[in-house]
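# Coordinate analysis (summary)
Below, each chain spelled out in residue letters.
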Amino acid sequence: MTDDPPSFDIPRRPERRFPQEGGVEYEGGTVFQLTPDAERSNDELATLVERVLGADRYTYGDWFELPAPVYLVHDERHGTAFRVVVRYGTVEFHVLPETASAALEALHGRLRDASDVGWRVDCETSSG
């Protein structure tokens, strides 16, 4: 494991579309996958994420009836939003069109500081 901090530079931002039927859709984008170096259950990871998001700089909610925890997170310090998903033993940061890299880096740092494990960060992009 390297001591270099991971990069949260965003190589591809999703494009937001508003279909005539209503709602919002995103095409393409970037997901950062944070994997603990010691296996943790999804419930343990969700508890960690909620504990960190309970800090003063975040507003968040899990308003969706989905099989995995999905949080819409607003980082008040950076004035930005992104989604956090817990599944398959990882924590995923899903970039939105205006997400600030600094907010992703800050949440990663808080997760690292609040846990007793190291974290591997992988970046995945898609075109649509």
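Heads up: these notes are all about the structure in this document.

About the cut-offs
Residues numbered from 1 in each chain as written. Predicted model: local features only at pLDDT ≥ 70, side-chain atom pairs only at ≥ 80, totals over all residues. Heavy atoms only, no water. Buried < 20%, exposed > 50% of the residue type's maximum accessible area, 1.4 Å probe, protein only. Helix = DSSP H or I, 4+ residues; strand = E, 2+ residues; numbered from the N terminus. Pairing = 2+ DSSP bridges. Salt bridge = Lys/Arg side-chain N within 4 Å of Asp/Glu carboxyl O. Phe/Tyr/Trp six-rings, centres within 6.5 Å; stacked < 30°, edge-to-face > 60°.

Right, let's talk about the pairing of strand 3 (residues 29–36) for a bit. The element strand 3 is largely enclosed, with a buried count of seven among its eight residues. As judged from the eight bridges shared by strand 3 and strand 8 (residues 119–126), these two strands associate in the antiparallel manner. Pairing of glutamine 33 across the sheet is with aspartate 122, part of strand 8. Looking at chain direction, strand 3 and strand 7 (residues 90–95) are connected through four bridges and run antiparallel. Paired with phenylalanine 32 across the bridge in strand 7 is phenylalanine 93.

On inspection of all chains with the given rule, the structure shows eight salt bridges. With its nearest N and O atoms 3.0 Å apart, the salt bridge here joins arginine 17 to glutamate 27. In this pair, arginine 17 is assigned in strand 1 (residues 15–17) and glutamate 27 in strand 2 (residues 25–27), connecting sequence segments 10 residues apart. For aspartate 122, the salt bridge goes to arginine 120, with nearest N and O atoms at 2.9 Å. On the basis of relative accessibility, which here comes to 30%, the residue aspartate 122 falls in the partly exposed class. Shared partners join several salt bridges into a network, and the residues in it are Arg17, Glu25 and Glu27.

Below, the discussion takes up the packing of aromatic side chains. Scanning the model with the defined rule gives four aromatic pairs in all. Taken together, a centroid distance of 5.1 Å and an interplanar angle of 50° make the contact between phenylalanine 8 and phenylalanine 32 tilted. Of the two residues, phenylalanine 8 is situated in the segment before strand 1 and phenylalanine 32 in strand 3; the sequence distance between them amounts to 24 residues. With respect to class, phenylalanine 8 is no different from phenylalanine 32; both count as buried. An aromatic cluster of at least three residues, connected via ring pairs, comprises Phe8, Phe32, Phe82 and Phe93.

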